[in-house]
Amino acid sequence: MLSLIFGLLLNVIRLYTWVVILSCVFSFLYAFGVLDTRNQIVWSIGRFLDRLTEPALRPIRRILPATGNMDFSPLVLLLLIQYVLTPLLRQLYYTMAFSSGF
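A brief look at the structure comes next. (Residues numbered from 1 in each chain as written. Predicted model: local features only at pLDDT ≥ 70, side-chain atom pairs only at ≥ 80, totals over all residues. Heavy atoms only, no water.)

**What to know about the overall build of the protein chain**
Note the cut-off: Comment: elements are numbered from the N terminus, with helices defined as DSSP H or I runs of at least four residues and strands as E runs of at least two. Each residue is placed in one exposure class: buried if its accessible area under a 1.4 Å probe, protein chains only, is under 20% of its type's maximum, exposed if it is over 50%, and partly exposed if it falls in between. Residues are treated as being in contact if the distance between any of their heavy atoms lies within 4.5 Å. To be clear on the numbers: accessible area is Shrake-Rupley with a 1.4 Å probe, and residue cover counts the displayed protein chains and nothing else. For this count, His and the chain ends are skipped, Lys and Arg are scored as positive, and Asp and Glu as negative. Charged groups are reduced to one reference atom each: NZ for lysine, CZ for arginine, CG for aspartic acid, CD for glutamic acid.
In terms of helices and strands, the protein chain carries three helices and zero strands. Going from the N terminus to the C terminus, the protein chain shows its helices and strands as α-α-α. Dimensions of the protein chain along its principal axes, counting C-alpha atoms only, are 60 × 30 × 15 Å. Residues classed as buried in the protein chain amount to 20% of the 102 residues present. The long-range share in the protein chain, meaning contacts at least 24 apart out of those at least 6 apart in sequence, stands at 59%. Accessible surface, the protein chain: about 8,000 Å² in total, of which carbon and sulfur atoms supply 69%. Across the protein chain, 8 positive and 4 negative side-chain charges occur, with their mean positions spaced 8 Å apart.

Have a look at this one:
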């Protein structure tokens, strides 16, 4: 049961990583004029991706210094997920699953 829960958590984190990447690609396509936000479907997809990623990106944007037109907050979020959150969850799983205290 424990491995199922942690496996599900890791899959959700992996899915969220892809959502952040898709949001970045979407914003690049919008910025370069490839996508037309007057199209209802494009606008809906953009709003959906913003609603998913903005709560995690907003605190990072407050901490990062202004760098002009470049937004490095998705990169920082992906690095935090990859090098802090995922290893922390794995370590927590190994500690709970293989602890000899019980």
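**Quick word on the packing of aromatic side chains**
How two aromatic rings sit relative to each other is set out by the distance from centre to centre and by the angle between their planes. Operational definition: What counts as a ring pair is set by centres within 6.5 Å for rings of Phe, Tyr and Trp (its six-membered ring), and what kind of pair is set by the plane angle: stacked under 30 degrees, edge-to-face over 60, tilted for all other angles.
Under the definition given, this model contains four aromatic pairs. Pairing Y94 with F98 gives two aromatic rings, centres 6.1 Å apart and planes at 25 degrees, and the pair type is stacked. A relative accessible area of 61% places F98 in the exposed class. Among the aromatic side chains, those forming a connected cluster through ring pairs are F6, Y93, Y94 and F98.

**Quick look at the environment of D50**
Its location among the elements puts D50 in helix α2 (residues 40-63). Overall, the relative accessible area of 35% leaves D50 in the partly exposed class. Along the sequence, D50 and I60 sit 10 residues apart, while their C-alpha atoms lie 15 Å from each other.

**Re the environment of L89**
Within the fold, L89 resides in helix α3 (residues 73-97). Residue L89 is classed as buried on the basis of its relative accessible area, which comes to 13%. Sequence separation between L89 and G7 is 82 residues, and the spatial gap between their C-alpha atoms is 9.8 Å. Excluding residues that lie within four positions of it along the chain, L89 makes contacts with F6, L9, L10 and I13.

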